[in-house]
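Examination of the molecular architecture
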There are 2 protein chains.
Amino acid sequence: LNTSIDLDTKEIFSWMEWLAGFGLTKNGGVTRLLYDANWKNAQHALFERMKELELEPYFDGVGNLFGRLKGTVENDKVILTGSHIDTVIDGGKYDGAYGVVASLLAVNYLHKHYGKPKRTIEIVSLCEEEGSRFPLAFWGSGSITGKYKEEDCKELYDTNNINFKKAMNDTGMINSSKKTKRDDIASFVEVHIEQGAILESEKKSIGIVSHIVGQRRFNIRVKGESNHAGTTPMTFRRDSVHLASELISYALNKVPAIDSSLVATVGKMTVSPNIPNVIANEVIFTLDVRHHQESVLNQYCDIIFSFFREKCLQTGMELEIEKWVDVKPVEMNGNLTEICRSVVTDMKVPYKEMVSGAGHDAQIFGTYCPTALLFVPSVNGISHSPKEWTKMEDLRNGIVVLFELLHRMAY
Amino acid sequence: LNTSIDLDTKEIFSWMEWLAGFGLTKNGGVTRLLYDANWKNAQHALFERMKELELEPYFDGVGNLFGRLKGTVENDKVILTGSHIDTVIDGGKYDGAYGVVASLLAVNYLHKHYGKPKRTIEIVSLCEEEGSRFPLAFWGSGSITGKYKEEDCKELYDTNNINFKKAMNDTGMINSSKKTKRDDIASFVEVHIEQGAILESEKKSIGIVSHIVGQRRFNIRVKGESNHAGTTPMTFRRDSVHLASELISYALNKVPAIDSSLVATVGKMTVSPNIPNVIANEVIFTLDVRHHQESVLNQYCDIIFSFFREKCLQTGMELEIEKWVDVKPVEMNGNLTEICRSVVTDMKVPYKEMVSGAGHDAQIFGTYCPTALLFVPSVNGISHSPKEWTKMEDLRNGIVVLFELLHRMAY
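Residues numbered from 1 in each chain as written. Chains lettered and ligands numbered in written order. Predicted model: local features only at pLDDT ≥ 70, side-chain atom pairs only at ≥ 80, totals over all residues. Heavy atoms only, no water.

Looking now at the overall build of chain A. Within chain A, the secondary structure is distributed over 11 helices and 16 strands. In terms of principal-axis extent, the alpha carbons of chain A reach across some 80 × 45 × 40 Å. In chain A, buried positions account for 59% of the 411 residues. For chain A, the proportion of contacts with a sequence separation of at least 24, taken over those separated by at least 6, is 79%. When the accessible surface of chain A is split by element, carbon and sulfur atoms take 49% of a total near 15,800 Å². (Helix = DSSP H or I, 4+ residues; strand = E, 2+ residues; numbered from the N terminus. Buried < 20%, exposed > 50% of the residue type's maximum accessible area, 1.4 Å probe, protein only. Contact = heavy atoms within 4.5 Å. Areas by Shrake-Rupley, 256 points an atom, 1.4 Å probe, with all protein chains shown as cover.)

Right, dumping it as structure tokens:
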């Protein structure tokens, strides 16, 4: 690597293991849910480490933790870098956590090597991204950018019927004197694991994300009629499993014809009454569709849903299509990705420009301020699992690229 | 109706409601499970009614109840007629119960009108057919015909962990002095509701069953690989929902091409992990296939399973096919169905010769002695539900046909 810092992978490993210690599960994964004890201990511990590293730490009004390295130019806007601290249940050690550690290490090394930057840099350990505890996601980045207001959490409860706002206040870490919604952020840079197998299979060390996909999720309900599996001739049937299978086959077979980077997934199916010798009267299945262009999502949905409607008419069955997620595609900032490209080119790091198929805090910041998102490879593409793993060299490459990028942006 | 008896539908209605009173549910259905209190009260009450009607009642060694009308010919074999007393949970008032009441009324009217028959007739209220309480079905007819031996129930438990044999003995209705396995039965005649909509839709009053279908049931397990719904390109996927949908579509679309009376049902599906944004690594679905010819079942299964195997090879996924039910088709007795035909023709009752798609006690007797099975229509084809219903005129027609049939057989 062509760079001015010499970062030891052992240091990175020890940081990652230290952070994973807050919420480590018996399977070797991590469970750190918004405002729970593990989450609280992790944010507190990060606060202390920031203090040690002379990065003025503070919490905001929802529990996002910032570490500030003040720049020499007065009244300038902030370069924000970081990721989220929360996990899914029994998730991996790297998802989110790596981005927080990478930012801390990169900024610490910048500080040591080059002293104070011209422009103020803040590291952020965002309180929540996964939506694992309460029925809401991106609470950290959404609160900073003003997508969420404080009252949006008031009526929400977790599966133990604990109120969101109460859980938040009970942490004792809410700083109401700091305005949560910010208007002083110039740009946001996030490093994250890929959570897919593209970089690994193409032997690349860094992914420079050009777009984060738009996502639509639907519940599709097909309603026929229950009947006896033995006494009902085929021509008398309105079999919802039969129809659902035809619709799912069509929808998934259609994908490659529309666009090679379009993906569609039916991950969940509920059959009623779900008895071997009873024709099912109802099937509900989910459809998750993602692409980085809204027009492609529109085209695909139009084609398959008109097929769905036609088939339901033909078979005399009922169809309901309910859209419950509609996230627009977000393009990363052209200037920032150009700087990323020049950094990795200069450093001679094998890289790939790519689309992110997963959602990230960078997509919330992406419509609010110039934003960049960098990926490091995930071994076997595994994520949200104790088996989540990224090689230490790759973790280092990500941190070094972030170091060089922030250097060009802030000094 | 061209017949010598004048049977009042009010009498039939009052018998049916009386019997449904043992185990009536709040939904207007009936729950009468083998050896439970409702079952016991019903068998006891039937015993008393048989006594009143001078049909010598007795229990056998498993709780089947018989009512005997002795014939004048000495040492002749018995004409047995009846059906089962047990129900599914919250089932209907007619399934099984109607056949018991029909036999009682038909034999009682024969006795009143024509006096003692030449040949001995026995009515039977079989203890169990549905398999609703213990993991075993056709216990009543299976014990009489020797398909089951007493020890076959010893190791079985219901969902409350009550032992089968203990539940049986606790009824206090087991008569060990009577041999349960019989070798003195000349023929068996059953009347039952159709549990399908064919008679109703073709405006027929009586179905004469030529065959009871063979049934095969399979668990089919398709195993692929779980992955992230956003970060996994379509070409990297081994999506078990996708493959299962293709297999189910193929299997169900293929049916009409093989035979018009073949039926196949996928009633149950289990998707793992069943999360909207995770590609499913496993789908298990059931396949229930029925036809009255073994060769058709073979042909169909060969064709679809070779397609299943080919598709799994193509997609690199695993396939397991487990057969857990394999019941052979049974043909009803040609001489008896010929008598049935002449009875309904003489009576000018609109009838249909048909195949039974459901299993019945007649299929157990069918391989043991000459057997006939008659159907009456089910309104909307509904069965195993509190909504199960047959019009009183149709219930009467069934009883009158049985009366005429037994007259020709026994006098």
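So, next bit.
Before going further, it helps to spend a moment on the packing of aromatic side chains. A full pass over the atoms with the stated rule returns 36 aromatic pairs over all chains. Considering the side-chain rings of F218 of chain B and F305 of chain B, the 4.9 Å spacing of their centres and the 80° angle between planes classify their relative orientation as edge-to-face. With F218 of chain B in strand β7 (residues 214-223) and F305 of chain B in helix α8 (residues 294-315), this pair connects stretches of sequence that are 87 residues apart. Note on accessibility: F218 of chain B and F305 of chain B belong to one class, buried. Cluster of aromatic residues (ring-pair linked, three or more members): Y35, W39, F134, W139, Y148 and F164 of chain A. The side chain of K112 of chain A reaches across the aromatic face of Y109 of chain A, ending 5.2 Å from its centre. (Phe/Tyr/Trp six-rings, centres within 6.5 Å; stacked < 30°, edge-to-face > 60°. Lys NZ or Arg CZ within 6 Å of the ring centre and 35° of its normal.)

Interface extent is often summarised as the accessible area lost during association of the parts. Taken together, the contacts link 50 residues of chain B with 50 residues of chain A. Of the roughly 4,000 Å² buried between chain B and chain A on both sides combined, carbon and sulfur atoms contribute 59%. Among the residues chain B hides against chain A, the three largest losses belong to M234, M269 and P276 of chain B. Together they make up 15% of the total. Counting across the chain B and chain A interface gives 0 salt bridges. One can count 18 residue pairs in polar contact (both at pLDDT 80 or more) joining chain B with chain A. Looking at the side of chain B that touches chain A, the elements that each hand over two or more residues are α6 (198-201), β8 (227-228), α7 (240-258), β9 (263-265), β10 (269-272), β11 (278-279) and β12 (282-291) of chain B. Examining the composition of the side of chain B that touches chain A, we find that 9 residues originate from one element, α7 of chain B, more than from any other. (Buried area = accessible area lost by both parts, 1.4 Å probe. Salt bridge = Lys/Arg side-chain N within 4 Å of Asp/Glu carboxyl O. Polar contact = N/O pair within 3.5 Å; in protein donor to acceptor, adjacent residues only side chain to side chain.)

Turning to the pairing of strand β5 (residues 185-193) of chain A, a few remarks are in order. All names here are of chain A. In terms of residue burial, β5 counts as a mostly covered element, since 9 of its 9 residues are buried. As defined by bridge partners, strand β3 (residues 78-84) adjoins β5 across 4 bridges and the pair is classed as parallel. Bridged to L80 within β5 is F188. Where β5 meets strand β16 (residues 371-376), 6 bridges bridge the pair, whose relative direction is parallel. Note on β16: the bridge partner recorded for V191 is L374. (Pairing = 2+ DSSP bridges.)

On to the relation of the copies chain B and chain A, then. Of the transformation placing chain B onto chain A, the axial shift is 0.3 Å and the rotation is 179°, giving an RMSD of 0.3 Å. What the rotation and shift describe, once combined, is the action of a two-fold rotation axis. Considering only C-alpha atoms, the residue of chain B closest to the rotation axis is S245 of chain B, which sits at 2.2 Å. The share of interface residues of chain B whose copies in chain A are also at the interface is 100%, consistent with both copies meeting through the same surface. (Least-squares fit on C-alpha atoms with pLDDT ≥ 70 in both.)

Residue and element names in this part refer to chain A. Tallying each qualifying case throughout the model produces 52 salt bridges over all chains. For the salt bridge of E282 with R221, the shortest nitrogen-to-oxygen distance reads 2.8 Å. Of this pair, E282 sits in strand β12 (residues 282-291) while R221 sits in strand β7 (residues 214-223), and the two are 61 residues apart along the sequence. R341 is paired through a salt bridge with E338; the nearest N and O atoms lie 2.7 Å apart. With R341 and E338 both in helix α9 (residues 334-347) and 3 residues apart, the pair spans about one turn of that helix. Three or more residues joined by partner-sharing salt bridges are found here, namely R216, E294, K323, D326 and K328.

Moving on to the environment of S385 of chain A. Residue and element names in this part refer to chain A. Residue position: S385 is located in the loop between β16 and α11 (392-410). On the basis of relative accessibility, which here comes to 16%, the residue S385 falls in the buried class. Residues S385 and G91, 294 residues apart in the sequence, show an inter-C-alpha distance of 4.5 Å. Excluding residues that lie within four positions of it along the chain, S385 makes contacts with D90, G91 and G92.

The next subject is the environment of Y157 of chain A. Here Y157 of chain A shows up in the loop between α4 (139-145) and α5 (164-170). Not counting the four nearest positions on each side in its chain, Y157 of chain A is found in contact with F134, P135, I162 and N163 of chain A.

Further remarks concern unusual backbone geometry. For the peptide bond that leads from S272 of chain A to P273 of chain A, omega is -5°, which places it in the cis range. With respect to the helices and strands, P273 of chain A occurs in the loop between β10 (269-272) and β11 (278-279). Even without being glycine, Y35 of chain B reaches a positive phi, approximately 70°. By the element assignment, Y35 of chain B lies in the loop between α1 (9-20) and α2 (37-52). Although it is not a glycine, K348 of chain B sits at a positive phi angle of roughly 60°. Structurally, K348 of chain B is set in the loop between α9 (334-347) and β15 (351-356). When its relative accessible area of 67% is taken as the criterion, K348 of chain B is described as exposed.

In this section: the side chain of Q195 of chain B. Following the sequence through the fold, Q195 of chain B ends up in the loop between β5 (185-193) and α6. For Q195 of chain B, the side chain forms a polar contact with the side chain of D95 of chain B, separated by 3.2 Å.

Turning our eyes to something else, we now look at the environment of T390 of chain A. Residues and elements named next belong to chain A. The residue T390 is located in the loop between β16 and α11 in this model. When the C-alpha atoms of T390 and L46 are compared, they prove to be 22 Å apart, with 344 residues separating the residues in sequence. A polar contact of 2.9 Å, which involves the side chain of T390, links it to the backbone oxygen of P377.

Moving on to the confidence of the model for chain A. In low-pLDDT segments, the atomic positions of the prediction should not be examined closely. This prediction gives chain A a mean pLDDT of 96; 100% of its residues lie at or above 70. At the level of chain-chain contacts, confidence expressed as ipTM amounts to 0.87, with global pTM at 0.87. (pLDDT = per-residue confidence, 0-100.)

Residue and element names in this part refer to chain A. Most of strand β4 (residues 121-126) sits inside the fold, with 6 of its 6 residues counted as buried. Side-chain alternation along β4 places I121, I123 and S125 on one buried face and E122, V124 and L126 on a second face that is also buried. Note: strand β2 (residues 65-69) against β4, 5 bridges, orientation antiparallel. When the bridges of β4 are listed, G67 appears paired with I123. Of the strand pairs in this sheet, β3 and β4 are connected by 6 bridges, and their pairing is parallel. In the strand pairing of β4, G82 is matched with V124.

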